[in-house]
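Remarks on the overall topology
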Amino acid sequence: MNTKELDSKYIAGTYARFPIVLKEGRGSVVWDTEGKEYIDMGSGIAVNAFGIADHEWINAVTAQLGKLQHSSNLYYTEPGALLAEQLCTRTGMKKAFFGNSGAEANECAIKCARKYAADKYGADKRYKIVTLVNSFHGRTITTLAATGQDEYHKDFQPLTPGFLYAPANDCGALKAIVESDEAIAAIMFELVQGEGGVLPLEQDFVDCIAEICKARDILMVVDEVQTGNGRTGTLYAWQRYGITPDIMTTAKGLGGGLPIGVCLMGEKCENTMTPGSHGSTFGGNPAICAGALNVLSRIDDALLADVRAKSDYIVKELTGAPGVESVAGLGLMLGIKTAKPLSDVVTACRENGVLVLTAHGKLRLLPALNIPMELVKKAVAVIKSCCAE
Ligand SMILES: *Cc1c(COP(=O)(O)O)cnc(C)c1O
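Fair warning: this is a prediction, and the values are worked out from it, not measured in the lab.

1. Points about the site of the ligand
Every residue near the ligand is listed here: S101, G102, A103, N106, F136, H137, G138, E190, D223, V225, Q226 and K252. Within the contact set of the ligand, an oxygen atom lies 2.8 Å away from a backbone nitrogen or oxygen of A103. With respect to the ligand, the backbone of F136 contributes an N or O atom lying 3.2 Å from a nitrogen atom. Among the elements that line the shell around the ligand, the one with the most residues is helix α5 (residues 102-121), at 3 residues. Its residues assigned to classes, the shell around the ligand shows 3 nonpolar, 6 polar and 3 charged.

Written out as structure tokens, the structure reads:
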């Protein structure tokens with residue numbers, strides 16, 4: 001049997017895959033098993049921050065693999081400690097918890113928010129978490145409950161109780177929810193809703209959340225699983241909105257292609273999590289942390305300026321182009337509404353050598369942060385022609 005046949009026979013049918021088998025790549029170019037070449041405008045859903053088979057990152061990971069690939073959290077290891085230091089100094093957050101995915105990072109954030117409220121206000125007094133309609137926070141039963149999209153919920157009831165959903169960019173509606181409920185511990189949101197269709201929150205709405213949180217000692221939890229690690233043109237998206245989260249999570253791009261999720265806790269909940277509160281066997285894996293340290297060290301002002309410049313180019317080229325109805329997003333996290341059926345555009349792009357993603361009815365671009373400008377230009381030309389035809 002070939003790969004496609006083996007996959008459909010033996011792998012659980014949770015994914016609708018595109019009909020190509022990817023074999024290898026270099027940077028933002030990838031080849032399938034038939035030798036066809038593609039420009040990668042998805043980077044494994046914002047994961048391969050510096051593209052495929054990046055030498056610096058490989059060296060960082062393999063050097064650590066040759067020393068100690070895993071230790072368990074019973075012992076201290078250097079890479080995790082250094083990574084936590086970098087994350088905290090570059091964000092002003094106080095403590096890091098390491099897990100292996102975005103969902104796990106968010107589970108930690110939810111547990112931490114509930115424990116903060118339980119410690120301060122008494123058990124069961126404040127446990128509810130407000131999230132936004134069209135949000136996406138993960139696939140575990142609890143992070144699914146946090147995800148404000150009914151279509152993900154329907155076959156898995158009952159989900160973890162205690163989640164309320166507010167429409168994005170509607171301060172009045174959020175205030176009404178918060179004012180009618182004494183038991184709210186946290187408001188959790190993405191600054192650019194990724195899976196929800198690449199929708200950036202408006203500054204006024206974000207200011208409204210911050211004000212509500214401050215007035216009521218409600219924790220502000222920002223999910224930067226997708227928006228984080230340079231993706232939107234700042235290290236974390238909240239840094240461009242002028243807010244400071246009490247808890248933030250990130251994952252996807254941080255590991256450069258290997259699984260890591262982090263929950264960062266600020267001043268308020270610096271000491272909330274204590275021995276026994278939480279844990280993860282693989283969390284803080286030294287080889288992955290060594291790779292993440294390399295990724296983080298390269299997300300500097302010059303790279304971020306470059307991300308913003310490439311974003312400006314893509315937005316300018318596509319806005320108002322024939323067959324393009326709208327372009328939204330921040331940095332290299334962009335969503336494009338097409339006049340033609342989306343799947344036709346995606347297929348045409350692939351056939352013309354450009355791999356793109358979708359999100360909630362939009363074409364979504366999440367290229368590697370260091371994608372060369374000439375590849376951006378080529379890809380945009382293909383996308384433009386596929387939207388127009
Ligand atoms: C992808 C994503 C998650 C889930 O991350 P996993 O690593 O798949 O568990 C959570 N939140 C946001 C905003 C995401 O984009």
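2. Side note on the pairing of strand β13 (residues 324-330)
The two faces of a sheet get side chains in turn, since along a regular strand they alternate between them. Two strands pair when backbone bridges link them, and β13 and strand β14 (residues 333-338) are joined in this way by 6 bridges, in the antiparallel orientation. Among the inter-strand pairings, V324 is bridged to a residue of β14, identified as T338. With antiparallel pairing between neighbouring strands as the criterion, β13 and β14 make up a hairpin whose turn holds 2 residues, including G331 at a positive phi of roughly 55°.

3. Some details on the sheet that holds strand β12 (residues 261-265)
The 7 strands are arranged β4-β12-β11-β10-β7-β5-β6 in an open sheet whose pairing can be described as mixed. The open sheet has two edge strands, β4 (95-99) and β6 (163-166), and neither has a second partner. With strand direction ignored, the average angle separating the axes of adjacent strands in the sheet is 20°. Inspection of the sheet shows strand β5 (residues 128-132) paired to strand β7 (residues 184-189) by 3 bridges, in the parallel sense. Across the sheet, residue K128 finds its bridge partner in β7, namely I184.

4. Quick word on empty space enclosed by the protein
Following the criterion strictly, the structure yields 2 cavities of 30 Å³ or more and no others. Roughly 50 Å³ of internal volume is contained in the largest cavity. As for the largest cavity, its lining consists of A46, A49, V225, Q226, G228, N229, R231, K252, G253 and L369. For the lining of the largest cavity, the domains that each give at least three residues are domain 1 (3-54 + 300-388) and domain 2 (68-298).

5. Looking at the state of the cysteines
On inspection of all chains with the given rule, the structure shows 1 disulfide. The disulfide that involves C171 links it to C208, with 2.1 Å between the sulfurs. With the S-S bond torsion at 85°, the cross-link from C171 to C208 turns out right-handed. Of this pair, C171 sits in helix α8 (residues 171-179) while C208 sits in helix α9 (residues 203-216), and the two are 37 residues apart along the sequence. Owing to a relative accessible area of 26%, C171 belongs among the partly exposed residues under this scheme. Here C88 stays free of any disulfide, with the sulfur of C263 as its closest cysteine sulfur at 11 Å. Here C263 stays free of any disulfide, with the sulfur of C108 as its closest cysteine sulfur at 3.6 Å. Taking the relative accessible area as the measure of exposure, C263 reaches 0% and is therefore buried.

6. Quick look at the domain arrangement of the protein
Domain annotation for the protein reports domain 1 (3-54 + 300-388) and domain 2 (68-298). Here the C-alpha centroids of domain 1 and domain 2 sit 26 Å apart. Every contact between the two is made by 29 residues of domain 1 and, on the other side, 30 residues of domain 2. Surface buried jointly by domain 1 and domain 2 totals about 2400 Å² across both partners, of which 58% is contributed by carbon and sulfur atoms. In terms of surface lost to domain 2, no three residues of domain 1 exceed L330, M333 and H360, which account for 29% of the buried area on that side. Inspection of the region where domain 1 meets domain 2 yields 2 salt bridges. A salt bridge links R364 to E195; the nearest nitrogen and oxygen atoms lie 2.9 Å apart.

Reading the values: rules and limits
Think of each chain on its own: its residues are numbered from 1, step by step along the sequence as written. Restriction of local features to residues with pLDDT of at least 70 applies here, the model being predicted, together with a cutoff of 80 or more for giving and counting side-chain atom pairs; totals for whole chains, interfaces and linings are based on all residues. Side-chain metrics in this entry use all non-hydrogen atoms of the structure; hydrogen atoms and water are not considered. We call a residue near a molecule or strand when any one of its heavy atoms sits within 4 Å of it. A 3.5 Å cut-off defines polar contacts: any pair of N or O atoms within that distance qualifies, except that in protein one atom must be a possible hydrogen donor and the other a possible acceptor, and neighbouring residues in sequence count only when both atoms are side-chain atoms. By definition, any uninterrupted DSSP run of H or I lasting at least four residues is a helix, any uninterrupted run of E lasting at least two residues is a strand, and each is numbered from the N terminus. Note that Gly is not counted as nonpolar here; it falls among the polar residues with everything else outside the nonpolar set of Ala, Val, Leu, Ile, Met, Phe, Trp, Tyr, Cys and Pro and the charged set of Asp, Glu, Lys and Arg. Should DSSP find at least two bridges between two strands, the strands are regarded as paired. Lines fitted to C-alpha atoms define the axes here, with helix axes fitted over just the stretch in contact, and angles between the N-to-C directions of these axes take values from 0 to 180 degrees. With a 1 Å grid laid over protein atoms only, a set of points is called a cavity when a 1.4 Å probe fits there but cannot get out and a pocket when it is open yet has protein on both sides within 12 Å along at least five of seven lines; lining residues have an atom within 4 Å of a point. Grid points are joined across faces, edges and corners, and a volume is the space filled by probe spheres set on the points. What counts as a domain boundary in this text is fixed by an automatic or database domain assignment. Defined by distance alone, a disulfide is two cysteine sulfur atoms within 2.5 Å. Accessibility here uses a 1.4 Å probe with only protein chains present; expressed as a share of the type maximum, an area under 20% marks a residue as buried, one over 50% as exposed, and anything in between as partly exposed. Two residues qualify as a contact provided that any one of their heavy atoms is within 4.5 Å of a heavy atom in the partner residue. Buried area counts how much accessible surface, traced with a 1.4 Å probe, disappears from two parts once they are put together, with both parts' losses summed. A pairing counts as a salt bridge when a side-chain nitrogen of Lys or Arg comes within 4 Å of a carboxyl oxygen of Asp or Glu.

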